[in-house]
Amino acid sequence: MEPAEPAEAAEAFSVWQLSETTLLRFATAGSVDDGKSTLVGRLLHDSKSVLTDQLEAVERASAGRGQDAPDLALLTDGLRAEREQGITIDVAYRYFATPRRRFILADTPGHVQYTRNMVTGASTAELTVILVDARNGVVEQTRRHAAIAALLRVPHVVLAVNKMDLVDYQEPVFAAIAEEFTAYALELGVPEVTAIPISALAGDNVVEPSAVMDWYGGPTVLEHLETVPVSHDLAHCHARLPVQYVIRPRTAEHPDYRGYAGQIAAGTFRIGDEVTVLPSGRTSTVSGIDLLGEPVDAAWTPQSVTLLLADDIDISRGDLIVPSKDAPATSQDVEATVCHVADAPLTVGHRVLLKHGTRTVKAIVKDIPARLTLDDLSLHPHPGQLVANDIGRVKIRTAEPLPADSYADSRRTGSFILIDPSDGTTLTAGMAGESFATPEPVKHETDDGWDF
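Please read these numbers as outputs of a predicted model, since none were measured by experiment.

Some thoughts on the side chain of His 356
Along the chain, His 356 turns up in strand S19 (residues 351–356). Once residues lying within four places of it in the same chain are set aside, the contact partners of His 356 are Leu 402, Pro 403, Ala 404, Thr 413, Ser 415 and Phe 416.

Some points on the nonpolar core
Leu 152, Leu 159, Met 164 and Phe 181 are the most contacted members of the largest nonpolar core, which has 41 residues in total. Listing elements by their share of this core, those giving two or more residues are strand S1 (23–30), helix H5 (115–122), strand S4 (127–133), helix H6 (140–151), strand S5 (156–162) and helix H7 (171–188). There are two domains that each give this core at least three residues, and those are domain 1 (23–227) and domain 3 (331–432). The contacts of Leu 159, once residues within four sequence positions are left out, are Ile 130, Val 132, Ile 177, Ala 178, Phe 181, Val 193, Thr 194, Ala 195 and Ile 196. The next biggest cluster of nonpolar side chains, apart from the first, holds 25 residues, and it includes Leu 43, Phe 96, Val 206 and Val 228.

Quick notes on the sheet that holds S1
Sheet strands pair via backbone hydrogen bonds, and the direction of the pair is either parallel or antiparallel. Taken together, six strands build an open sheet; the order of strands is S2-S3-S1-S4-S5-S6 and the sheet is mixed. The two strands at the open ends of the sheet, each matched to only one other strand, are strand S2 (92–97) and strand S6 (193–197). Across the sheet, the axes of successive neighbouring strands diverge by a mean angle of 25°, strand direction being ignored. Of the strand pairs in this sheet, S5 and S6 are connected by five bridges, and their pairing is parallel. Its bridge partner lying in S6, Val 161 is registered against Pro 197. Sitting on the sheet, helix H2 (residues 36–46) touches S1, S2, strand S3 (102–107) and S4, and the angle it makes with S1 is about 150°. Its contacts with the sheet place H6 against S1, S4 and S5, and it is angled at close to 170° to S4.

A short note on the confidence of the model for the protein
Taken as a whole, the protein shows an average pLDDT of 83; of its residues, 79% reach a score of 70 or greater. The model gives residues 436–452 a pLDDT under 50, and that stretch makes 40 contacts with residues more than four places away or in other chains.

Focus: the pattern of salt bridges
Two side chains bearing opposite charge may form a pair once their charged atoms approach each other closely. Here the structure, examined in full by the defined rule, presents 11 salt bridges. For the salt bridge of Glu 400 with Arg 359, the shortest nitrogen-to-oxygen distance reads 2.7 Å. Taken together, the residues Glu 400 in strand S23 (residues 391–402) and Arg 359 in strand S20 (residues 359–373) connect sequence positions 41 residues apart. Under the relative-accessibility criterion, Glu 400 is labelled partly exposed at 34%. Each of Asp 133, Arg 135 and Lys 163 takes part in one network of salt bridges that share partners.

Looking at the pairing of strand S25 (residues 426–432)
Put simply, side chains in a regular strand alternate between the two faces of the sheet. Burial analysis of S25 places five of its seven residues in the buried class, which makes it a mostly covered element. Both strand S17 (residues 331–340) and S25 contribute to a ladder of five bridges, which runs antiparallel. Bridge pairing in S25 places Thr 337 opposite Met 431. The pairing of strand S24 (residues 415–419) with S25 spans five bridges and is antiparallel. Residue pairing for S25: Ile 419 is matched across the bridge by Thr 426. The antiparallel hairpin formed by S24 and S25 contains six residues in its connecting segment, where Gly 424 sits at a positive phi of about 80°.

Description of the packing of aromatic side chains
Inspection of the entire model under this criterion finds five aromatic pairs. Relative to Tyr 216, the ring of Phe 174 lies with its centre 6.4 Å away and its plane at 80°, an arrangement referred to as edge-to-face. Placement of the pair is Phe 174 in helix H7 and Tyr 216 in the loop between S6 and helix H8 (221–227), with a sequence separation of 42 residues. Members of the aromatic cluster, connected to one another through ring pairs, are Phe 26, Phe 96 and Phe 103.

Quick word on unusual backbone geometry
Cis geometry is adopted by the peptide bond preceding Pro 279, which originates at Leu 278 and carries an omega value of 15°. Residue position: Pro 279 is located in the loop between strand S11 (274–278) and strand S12 (282–291). Put simply, Thr 301 and Pro 302 share a cis peptide bond, and its omega is 5°. One can find Pro 302 in the loop between strand S14 (298–300) and strand S15 (304–309).

The rules behind the values
- Residues numbered from 1 in each chain as written.
- Predicted model: local features only at pLDDT ≥ 70, side-chain atom pairs only at ≥ 80, totals over all residues.
- Heavy atoms only, no water.
- Helix = DSSP H or I, 4+ residues; strand = E, 2+ residues; numbered from the N terminus.
- Contact = heavy atoms within 4.5 Å.
- Core = buried A, V, L, I, M, F, W, Y, C linked by side-chain atoms within 4.5 Å.
- Buried < 20%, exposed > 50% of the residue type's maximum accessible area, 1.4 Å probe, protein only.
- Domains from an automatic or database assignment.
- Pairing = 2+ DSSP bridges.
- Axes fitted to C-alpha atoms, helices over the stretch in contact; angles between N-to-C directions.
- pLDDT = per-residue confidence, 0-100.
- Salt bridge = Lys/Arg side-chain N within 4 Å of Asp/Glu carboxyl O.
- Phe/Tyr/Trp six-rings, centres within 6.5 Å; stacked < 30°, edge-to-face > 60°.

Structure below.
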């Protein structure tokens, strides 16, 4: 039977949980010209989150282009190439707040060429807004973004059917698109879809309810963003602390102090917990927890803390401290779904560095069993390589054992990146574990001296 949590720790957790659930990280996605940047601009403008000088700059830029009204898309399309082409190229992060919640928004590109940027923006999102042009309905890029949201395990998806003003605000148009998208998303495993008819240009159902769509009785986009539940139920999380730094002050006041500092990636640690250090497998007990220089009885994600253990054991940066009763398996063989983000291809036999948490190890790409075609979710078996924006399955052999969780269990400790050892370029973003079925592997003769 586990010891009861101290009253002070329980009260502190409830206060933290209240403040943490007021923060929502979300991303926007959609096909080119579906109106993502206009929607974001409308959200910022109508929620009074735009500074006066920013709005004046947009008004001047819009007037210089011969537009009568300010182009709110310019609030997010900051690159010169974006403004010239009228498209989003890079991920634009925006921070804003309402009295009910704080937001970190990632406005991601819609063009297929920048699929990797959408993966980057949605990788930490708790909600994704996927826009659809009401005139065009669900298109290939819509299905592609829905598939990416499913692969990244984004828990909430909003379908914003935009440009309803251009289809005379007809309910049957919205209903048909919502039904088609929802069926597709649920087939992918998306747990929740909320469909909202909007006009980002006119402001209908973005911040204020639409006066011309009285047939719709659901929330506006902002209302849904403010009220969607953000789950931080730590009782179901695997406690994980990647060690970032070993603290040894060796002062007269603290001659024997040895602490292991890092940000808790998931779960809760308490004094008295039996823990295991991976990959060594050595065990000990948590004898103390320091938070902001003060001792506490318990700490939880995403707090940055220092753990003190009862035993002096060999621990260094890159090690992972976990509960002994809930330790992940360690292995030198990693199977994962990856999105290749570099311009140079990833090939079988490629020598890379794999960064998992605070640990970086040498690795070899042993096999690429499949490349996923997001248009219809079909698999191209054994493509031999992945090029920029490709999503596929890989098998990797590491020089040292890694304690990686399945991405389905933990988005933090189930993810990793592959790095080019020659110049430090990020090559690939990976999600450990099974995401879709793979064909039988084929053997490749790749004897390059990295046989681990």
